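Listed below, chain by chain, are the residues.
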Amino acid sequence: MTAVIINGKEIAEKKKQEIAEEVKRLKSQGVTPGLAVILVGNNHASRTYVTNKQKTCQELGMNSVLIEMPEEVSEDELLSRIEELNHDPQIHGILVQLPLPAHINETKVIESISPNKDVDGFHPINIGRMMTGQNTFLPCTPYGIMVLLEETGISIEGKHVVVVGRSNIVGKPAGQLFLNQHATVTYCHSRTKDLKVHTKQADILVAAVGIPNFITADHVKEGAIVIDVGINRNEAGKLCGDVAFDEVSKKASYITPVPKGVGPMTITMLMYNTLKSAAESINR
Ligand code: NAP
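Since this is a predicted model, take the numbers as computed values, not measurements. (Residues numbered from 1 in each chain as written. Predicted model: local features only at pLDDT ≥ 70, side-chain atom pairs only at ≥ 80, totals over all residues. Heavy atoms only, no water.)

## Some thoughts on the pairing of strand S5 (residues 160-164)
- Summarising burial for S5: five of the five residues are buried, a large majority.
- Going residue by residue along S5, you find His 160, Val 162 and Val 164 tucked away on one face and Val 161 and Val 163 tucked away on the opposite face as well.
- Sheet topology places S5 next to strand S6 (residues 184-188); five bridges connect them, and they run parallel. Counterpart to Val 162 in the pairing with S6 is Thr 186.
- One crossover worth recording links S5 to the parallel S6 by way of helix H7 (residues 171-180), and it is right-handed. (Buried < 20%, exposed > 50% of the residue type's maximum accessible area, 1.4 Å probe, protein only. Helix = DSSP H or I, 4+ residues; strand = E, 2+ residues; numbered from the N terminus. Pairing = 2+ DSSP bridges. Right-handed = clockwise from strand over helix to strand, strands pointing away.)

Structure below.
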């Protein structure tokens, strides 16, 4: 079997066009969606992510505000800037680029963002809403996975989904979103015994581990759908996922590549959440 490659770049472009149309409609009602991104320090990768987010906002006709703070900024200063943004009517989404310097408590910062502007979907209130199936901002990467599958016409109900990885931003919420759509979900992590016994049962296998080429063909059932969340550099410095693409794509029925798979969806869903927040602000 040769897997169908799920083209995340193409699906992301389609979704972005839809978002841009909605932005136009909102603007005609006098509301321009606005995203504030806070960047603390000068981490090279963080700066690249933030620049991409700003660029995408502009492409879609949204406002974006970049707030840069020095590495040594105090936690209080950061919290009071977030509080200002919580009350700024022009700002519908607030994102604090992680990781933060060690002297700042990440949990405290996430919890200081108004749940109504938490477009990353990391606030415990929004996580609780997600778990109970309420209207909320879904975390962007897991949400992007669900949209990829939906756009590809893959049904989820009744499927056995195995998620390898249990981080708060990817693995855990991804499993929850599959459960919300009536999948049977197994979580695996670094203490899982006999990993392959579990992964080989997956109808849909999600790899969110952060180890290059970790999932090989012998982890995968013939015909499985394989979603690769990993963004890693291999020994040659080349971008690669958590899945050994060449061998797994010969066994899977569908597979997401790296790059151009899950990655482009994350930023797209961030834009979607910002639009949603702006639209909901009208009735608030
Ligand atoms: P993370 O916080 O480091 O979590 C990694 C998870 O993998 C942990 O739950 C860990 O288990 C598990 N793990 C580690 N070694 C394992 C092993 N040998 N067997 C089974 N499980 C193992 O990483 P993350 O933030 O979730 O990110 C995962 C990957 O996705 C990274 O490559 C990251 O760059 C990428 N990512 C991509 C996007 C995107 O937009 N495409 C967004 C976010 C992240 P324990 O919990 O037991 O430690």
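## Topic: the nonpolar core
- Counting residues in hydrophobic clusters, the biggest one holds 49 residues, and the most contacted among them are Leu 149, Phe 178, Ile 204, Val 206, Ile 227 and Met 271.
- Filtering out sequence-adjacent residues up to four positions away, Met 271 remains in contact with Ile 19, Leu 35, Lys 53, Thr 56, Cys 57, Leu 60 and Met 62.
- Core analysis: the second largest hydrophobic core is formed by 17 residues, Met 69, Ile 94, Leu 100 and Ile 113 among them. (Core = buried A, V, L, I, M, F, W, Y, C linked by side-chain atoms within 4.5 Å. Contact = heavy atoms within 4.5 Å.)

## So, helix H6 (residues 140-152)
- Between its terminal C-alpha atoms H6 stretches 18 Å, which fits the 18 Å expected from 13 residues at 1.5 Å a residue.
- Counted residue by residue, H6 has ten buried out of 13 residues, so it is predominantly covered.
- Three or more residues of H6 are buried, namely Cys 140, Thr 141, Pro 142, Tyr 143, Gly 144, Ile 145, Met 146, Val 147, Leu 148 and Leu 149.
- Just downstream of H6 lies Gly 153, where phi reads positive at about 80°. (Expected span 1.5 Å × (residues − 1).)

## Comments concerning the site of the ligand
- Close contacts around the ligand come from 21 residues, with Arg 166, Ser 167, Ser 190, Ile 231 and Thr 266 the closest.
- Contacts to the ligand include Arg 166, whose side-chain N or O atom sits 2.7 Å from an oxygen atom.
- With the chains in place, 69% of the 920 Å² that the ligand exposes on its own is no longer accessible.
- Looking at the shell around the ligand, its residues break down into ten nonpolar, ten polar and one charged. (Near = heavy atom within 4 Å. Polar contact = N/O pair within 3.5 Å; in protein donor to acceptor, adjacent residues only side chain to side chain. Areas by Shrake-Rupley, 256 points an atom, 1.4 Å probe, with all protein chains shown as cover. Nonpolar A, V, L, I, M, F, W, Y, C, P; charged D, E, K, R; others polar.)

## Overview of the packing of aromatic side chains
- Per the stated rule, a full pass over the model turns up one aromatic pair.
- Seen in terms of ring centroids, Tyr 143 and Tyr 272 are 5.8 Å apart; in terms of plane orientation they differ by 80°. Their pairing is edge-to-face. In this pair, Tyr 143 sits in helix H6 while Tyr 272 sits in helix H10 (residues 263-282), placing the two residues 129 residues apart along the sequence.
- Judged by relative accessible area, Tyr 143 falls into the buried class, the value being 17%. (Phe/Tyr/Trp six-rings, centres within 6.5 Å; stacked < 30°, edge-to-face > 60°.)

## Notes on the state of the cysteines
- Under the counting rule described, the total for this entry stands at zero disulfides.
- With no disulfide of its own, Cys 57 lies 11 Å from the sulfur of Cys 140, the closest cysteine sulfur.
- By relative accessible area, which is 0% here, Cys 57 ends up buried. (Disulfide = S-S within 2.5 Å.)

## Let's talk about the pattern of salt bridges
- Across all of its chains, the model carries twelve salt bridges by this definition.
- For Glu 151, the salt bridge is made with Lys 14, and the minimal N-O distance between the two is 2.5 Å. Placement of Glu 151 in helix H6 and of Lys 14 in helix H1 (residues 8-28) is noted, with a sequence separation of 137 residues between them.
- Using a relative accessible area of 28% as the deciding quantity, one classes Glu 151 as partly exposed. (Salt bridge = Lys/Arg side-chain N within 4 Å of Asp/Glu carboxyl O.)

## Regarding unusual backbone geometry
- For the bond running from Leu 98 to Pro 99, omega is 5°, close enough to zero to count as cis.
- Note that Pro 99 resides in the loop between strand S4 (93-96) and helix H4 (106-112).
- In this model, Val 258 is joined to Pro 259 through a cis peptide bond whose omega is 0°.
- The topology assignment puts Pro 259 in the loop between strand S11 (254-255) and H10.

## Thoughts on the sheet that holds strand S3 (residues 63-69)
- Strands sit in the order S3-S2-S4 across an open sheet of three strands; the sheet is parallel. This sheet does not close on itself; its edge strands, each paired only once, are S3 and S4. The sheet shows a mean angle of 15° between the axes of neighbouring strands, taken without regard to direction.
- With seven bridges connecting them, strand S2 (residues 34-40) and S3 associate as parallel partners. (Axes fitted to C-alpha atoms, helices over the stretch in contact; angles between N-to-C directions.)

Everything listed here is a matter of geometry and, on its own, says nothing about what the molecule does.
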